[in-house]
Amino acid sequence: MATRKVHLKDSQEALLLFGQHDKNLRALEQSYSVQIFGRGHVLSIRGAPGRVEKALLAIEEMRENLGKENRGVGIEAIPPEVSGEAAYTSALGKSIRAKTSMQKVYVSAVMKSDLVVAIGPAGTGKTYLAVACALATLKAGEISRIVLTRPVVEAGEKLGFLPGDFYEKVNPYLQPLYDAFYAMLGPDRFRLYRDEGTIEIVPLAYMRGRTLENAFIILDEGQNATPEQMKMFLTRMGMGSKVVVNGDVTQIDLENKRHSGLVQLPIILKGIPDIQIIYLTESDVVRHGLVKEVLRAYGDWEKRDV
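Residues numbered from 1 in each chain as written. Predicted model: local features only at pLDDT ≥ 70, side-chain atom pairs only at ≥ 80, totals over all residues. Heavy atoms only, no water.

How would you explain the sheet that holds strand 1 (residues 2-7) if you had to name every residue and give the values?
Spatially, 3 strands are ordered 1-3-2 in an open sheet, and the strand pairing comes out antiparallel. Two strands in the sheet have a free side with no partner beyond their single neighbour: strand 1 and strand 2 (35-39). Across this sheet, the average inter-strand angle for adjacent strands is 15 degrees, counted without regard to direction. By the bridge criterion, 6 bridges tie strand 1 to strand 3 (residues 42-47) in an arrangement that is antiparallel. In the strand pairing of strand 3, Lys-5 is matched with Ser-44. Helix-sheet contacts for helix 2 (residues 23-32) involve strand 2 and strand 3, and the interaxial angle to strand 2 is about 160 degrees. (Pairing = 2+ DSSP bridges. Helix = DSSP H or I, 4+ residues; strand = E, 2+ residues; numbered from the N terminus. Axes fitted to C-alpha atoms, helices over the stretch in contact; angles between N-to-C directions. Contact = heavy atoms within 4.5 Å.)

Spelled out as C-alpha cells, the structure:
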C-alpha cells in the first residue's frame, strides 16, 4: 500500500475539485481502485502504488484544467471518463465524440463488435476515434491493454539509409499513433501506461507469433499491409479481445497497389457474422475545411482519362 498527499491552494479549489457531496472523489476512487480522503486543503490517496500514481496524475490534470478554464469540474471531466455520446473525455476534459452520422455508426460498431474494418480517406477520424474507444474500453475494465500497430513501408527513403538504430528508424512511422495518445492522455499518463505495458505501439512485423488476449488491437494504415500480413494480424486475436482495422485505399504505398490486404479484406470477410465493415467518405472529414476540397480535387483528377 502507498499513500500520496496533494496540498490544494485554497478552499475554492478544494470545493471545485471535490465536487458536490465529494462526487468527484468518489468517482476517482471507483475509477482507479484507490481510497481518497479530503480534509481541508489536503487530499490523501491510498492504494496500490501504480493505481495511486495514476489517480495522482488524474488529480493534477484536473487541477491544471481548473486553472486554465476557471470553471467547476463535474464527473464528466475526470480523465478518462465516458460521458453521454462522447467516446472518451481527454485529460483536459475535452469530449472526443463522433461528429458525423457515419462516424457515429463507426463508434457504435467498434464498441459493440469484436472485429471492425473502417475504410475511408484521411481526416475522417478512423484512428483517433478508435483510440478513444480503446481508452474507454480500458477504462471500463473490459480489456487489460491496448496494442496499436502499423506496417512500416519504405516510401521514399530506405530504412537502411536513415540514421540511428532500428527503433529510431521506425519511430517516425509510429509517431501518428503517439500523437493520438498524447492528445487524450497527456504525455505523463501515456508514458506511465507505455512503461507498464498497458499501451504497446509496435511495427506490424513484430506481431507475428503472438496471441493477444483481453486486448484492444488497432491496425492503422491497413492499406499498406499485404494479404499475408493482414491474415497474420487478424489471427493474433485472442479471447476477450477486440480488433479494429483502419485504412485508406487511395493512399497505398506498396509497390504493387493491387497487393493490398485492405483492398481484398471486404471481399474475403463478406458474409461473416459479427464482423462490421464501415465506409467513411469525404463528408466525414473533420479536419480543416480545405481537406475536403483537396480530396475532391484529387478524386476528380484520378478519374480523368489521361
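Now that the structure is up, let's keep going.
Let's hear about the side chain of Thr-127: which residues, and what values?
In this fold, Thr-127 is placed in helix 5 (residues 126-139). Judged by relative accessible area, which is 17%, Thr-127 ranks as buried. The contact partners of Thr-127, leaving out residues within four places of it in the chain, are Leu-177, Asp-220 and Asn-246. (Buried < 20%, exposed > 50% of the residue type's maximum accessible area, 1.4 Å probe, protein only.)

Requested: an account of the nonpolar core, with residues and values cited.
Judged by nonpolar contacts, the single largest core of 38 residues is most densely connected at Tyr-106, Ile-146, Phe-181, Ile-201 and Phe-216. Listed by contribution, the elements that provide at least two residues to this core are helix 4 (101-112), strand 6 (115-119), helix 5, strand 7 (145-150), helix 6 (166-185), helix 7 (187-195), strand 8 (199-203) and strand 9 (215-219). In terms of residue count, the dominant contributor to this core is helix 5 (9 residues). Listed in part, the 22 residues of the second largest apolar core include Ile-119, Val-202, Met-232 and Phe-233. (Core = buried A, V, L, I, M, F, W, Y, C linked by side-chain atoms within 4.5 Å.)

Give me the packing of helix 1 (residues 11-18) against helix 2: which residues, what numbers.
Following both chains from N to C, one finds helix 1 and helix 2 inclined at 55 degrees, their axes separated by 6 Å at the closest point. Relative to helix 2, helix 1 is oriented oblique. Contact with helix 1, carried on its side by Leu-16, Leu-17 and Phe-18, involves Lys-23, Asn-24 and Leu-25 of helix 2 and no other residues of that element. When the residues that make up the contact of helix 1 with helix 2 are grouped by side-chain class, the tally is 4 nonpolar, 1 polar and 1 charged. (Parallel < 35°, antiparallel > 145°, perpendicular 65-115°, else oblique. Nonpolar A, V, L, I, M, F, W, Y, C, P; charged D, E, K, R; others polar.)

Which residues make up the side chain of Gln-103, and what values do they have?
Tracing the backbone shows Gln-103 in helix 4. Residues in contact with Gln-103, not counting those within four places in the same chain, are Ala-98, Thr-124, Gly-125, Leu-129, Leu-280, Asp-284 and Val-286.

If you had to explain the packing of aromatic side chains to someone new, which residues and values would you point to?
Within this structure, the stated rule accounts for 2 aromatic pairs. An aromatic cluster of at least three residues, connected via ring pairs, comprises Phe-181, Tyr-182 and Phe-190. (Phe/Tyr/Trp six-rings, centres within 6.5 Å; stacked < 30°, edge-to-face > 60°.)

An account of the pairing of strand 7 is requested, with residue identities and associated values reported.
Of all 6 residues in strand 7, 5 are buried, a share of seventy percent or more. In the sheet, strand 7 pairs with strand 8 via 5 bridges, with the strands oriented parallel. Bridging from a neighbouring strand, Ile-146 pairs with Ile-199 of strand 8.

So what's going on with the environment of Lys-112? Residues and values would help.
Within the secondary structure layout, Lys-112 lies in helix 4. Of the residues examined, Lys-112 reaches a relative accessible area of 68% and is grouped as exposed. Sequence spacing of Lys-112 and Asp-274 is 162 residues, and the spatial spacing of their C-alpha atoms is 9.2 Å.

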